[in-house]
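Each chain, written out:
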Amino acid sequence: MVSLEIERFAFRQRIRVEGPFFQNTFFAPDLELINETKKRFLLILGFINGGILVISGGLAYYLAGKTLKPIRDMVDEQNRFISDSSHELRTPLATLKTTLEVNLRDPKLTLKNAKKLVKESITEVNQLQSLSDELLQLAQYQKPNSHPQLEKTSLDQIVLDVVRKLTPLAKSKNITIQNRVKDINVIANKYALADLLTILIDNAIKYSSPGKKIIITAVKHDHSVEFSVIDHGIGIDRHDLPHLFDRFYRADTARSKDNTSGYGLGLSIAKKIVDNHHASIEVKSRLGRGSTFSVKLQSAGSK
Ligand code: ADP
């Protein structure tokens, strides 16, 4: 194509020199020059095409990487979730299996001890069941594009329902729950909000000693509502605070405290719920004094 154009150009130049001043004069085109020009043109075109190819290839690679990044992050997150979960499930399952096998092989196992073993195994299985329930709940809330339907919701009604549900548990530990939330609407998903409150109040009960009081309050701001779950329990060390919402994170104080079962999943579920509401969650705590978990939600006006 380019060669053809050059030849045509050279031919046109020849016609022009045959004009009125050079009548009957024939200037043959310089073939060597034409060939040289052709080569140069081809070389330059080659460079330009190569450049375009490299730039467009690089651009395509960059754009593809940018587009695929969220998908890659999601797959990485899913893989981490699966491996963390199987790790958490494997240890108690292996312990349970070994205990049962050892006792089964014991010829001197009495009926009394066998019953005790079955009872302990049931407790273990119950804990594993609650772990798998929490894992399912977390998976549900962290599903991509799982944005719950947000609508005008009565915060005081949800708090009332959750407090009613958890009162027997609090009573069993001689803990009182004081509900101070009145007449407040928020923009939320009522099921997710109930799950969030359940996690925070359940933790407050779990990490308080008998005789303590838990208070639930809510304050209206211009466009938001901030509700808090305040306890006077064991508190949280300030070194633990930045990690509380990480999956499977448990502070040493919680791990060493007797009778506080848990897998460190509650607050990561709570954080997912808060994120799905475009809301925020904050913790203030003093070791040995107690903790306050506050959530700021979008207000839906007063009743
Ligand atoms: P867990 O099942 O261990 O309670 P969470 O994710 O709900 O898991 O909480 C993570 C950790 O945060 C707990 O193990 C505990 O150390 C700490 N924590 C949460 N809530 C409280 C609280 N109200 N008082 C003291 N520590 C708390």
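Our structure's up above, just so we're on the same page.
Residues numbered from 1 in each chain as written. Predicted model: local features only at pLDDT ≥ 70, side-chain atom pairs only at ≥ 80, totals over all residues. Heavy atoms only, no water.

**Points about the overall build of the protein**
Rule in force here: Under the scheme used here, helices are H or I runs from DSSP no shorter than 4 residues and strands are E runs no shorter than 2 residues, and both carry numbers assigned from the N terminus. Exposed residues in this analysis have more than 50% of their type's maximum accessible area, buried residues have under 20%, and partly exposed residues fall in between, with area computed by a 1.4 Å probe over protein chains only. Whether two residues are in contact is decided by their heavy atoms, any of which lying within 4.5 Å being enough.
Of regular secondary structure, the protein possesses 7 helices and 7 strands. Written out in order from the N terminus, the α and β elements of the protein read α-α-α-β-α-β-β-α-β-β-α-α-β-β. The buried share of the protein, reckoned over its 303 residues, is 33%. Long-range contacts, defined as pairs at least 24 residues apart, comprise 74% of the intrachain contacts of the protein with a sequence gap of at least 6.

**Here we look at the pattern of salt bridges**
The condition that has to hold: In the sections that follow, a salt bridge refers to a side-chain nitrogen of Lys or Arg positioned within 4 Å of a carboxyl oxygen of Asp or Glu.
Taken as a whole and judged by the stated rule, the model has 9 salt bridges. Residue Arg-247 pairs with Asp-84 through a salt bridge whose shortest N-O separation is 3.1 Å. With a gap of 163 residues between them, Arg-247 in the loop between strand S5 (224-230) and helix H6 (252-256) and Asp-84 in helix H2 (residues 31-105) connect regions that are remote in the sequence. Relative accessible area serves as the criterion here: at 26%, Asp-84 is assigned to the partly exposed category. A salt bridge links Lys-97 to Glu-101; the nearest nitrogen and oxygen atoms lie 3.6 Å apart.

**Notes on helix H7 (residues 266-276)**
Extensive coverage of H7 is indicated by the burial of 8 of its 11 residues. Of the residues making up H7, those classed as buried are Gly-266, Leu-267, Ser-268, Ile-269, Ala-270, Ile-273, Val-274 and Asn-276. Looking at the packing, one finds that the buried side of H7 touches helix H3 (111-141), helix H5 (190-206), strand S6 (280-286) and strand S7 (290-298).

**Focus on the site of the ligand**
Inclusion rule: Residues are counted as near a molecule or strand when any one of their heavy atoms sits within 4 Å of it. Counting of polar contacts relies on pairs of N or O atoms within 3.5 Å, with two restrictions inside protein: one atom must be capable of donating a hydrogen and the other of accepting it, and residues adjacent in sequence are counted only when both atoms are side-chain atoms. Note on areas: Shrake-Rupley, 1.4 Å probe, and residue coverage restricted to the protein chains presented here. Each residue receives one of three labels: charged for Asp, Glu, Lys and Arg, nonpolar for Ala, Val, Leu, Ile, Met, Phe, Trp, Tyr, Cys and Pro, and polar for the others, Gly being one of them.
Looking at the ligand, there are 21 residues lining it, with Asn-203, Tyr-207, Asp-231, Arg-250 and Leu-267 nearest. At a separation of 3.3 Å, an oxygen atom of the ligand approaches a polar backbone atom of Gly-264. Taken by itself the ligand offers 530 Å² of open surface, and the protein chains cover 99% of this. The element contributing the most residues to the shell around the ligand is H5, with 3 residues. The residue makeup of the shell around the ligand, split by class, is 12 nonpolar, 6 polar and 3 charged.

**Quick look at the pairing of S5**
Definition in use: Criterion used throughout: strands pair if DSSP finds at least two bridges between them.
Of all 7 residues in S5, 5 are buried; the element is thus mostly enclosed. Here strand S4 (residues 213-220) folds back onto S5, and the loop between the two strands holds 3 residues. Here S5 pairs with S7 via 7 bridges, running antiparallel. Each bridged residue has a counterpart across the sheet, and for Glu-226 the counterpart in S7 is Lys-296.

**Description of H2**
Selection criterion: Two axes enter the definition of the bend at a residue: one is fitted to the seven residues ending there, the other to the seven starting there, and the bend is the angle between them.
Of all the bends in H2, the greatest reaches close to 40° and is centred on Leu-68; the proline Pro-70 follows between one and four positions later. All buried positions along H2 are accounted for by Ile-34, Lys-38, Phe-81, Ser-85, Pro-92, Leu-96 and Asn-103.

**With respect to the side chain of Arg-250**
Stated precisely, the cut-off is as follows: By the counting scheme adopted, Arg and Lys are positive, Glu and Asp are negative, and His together with the chain ends is not counted.
Locating Arg-250 in the fold gives a position in the loop between S5 and H6. Buried charged residue Arg-250 carries no salt bridge. Nearest counter-charge: Glu-88, at 8.5 Å. Within polar-contact distance, the side chain of Arg-250 engages the backbone oxygen of Gly-262 at 3.5 Å.

**Section: unusual backbone geometry**
One non-glycine residue with positive phi stands out, namely Phe-248, at about 65°. Tracing the sequence through the fold places Phe-248 in the loop between S5 and H6. Of note in this structure, His-278 is not a glycine but carries a positive phi near 50°. Tracing the chain through its elements places His-278 in the loop between H7 and S6. His-278 gets classed as exposed once you look at its relative accessible area, which sits at 69%.

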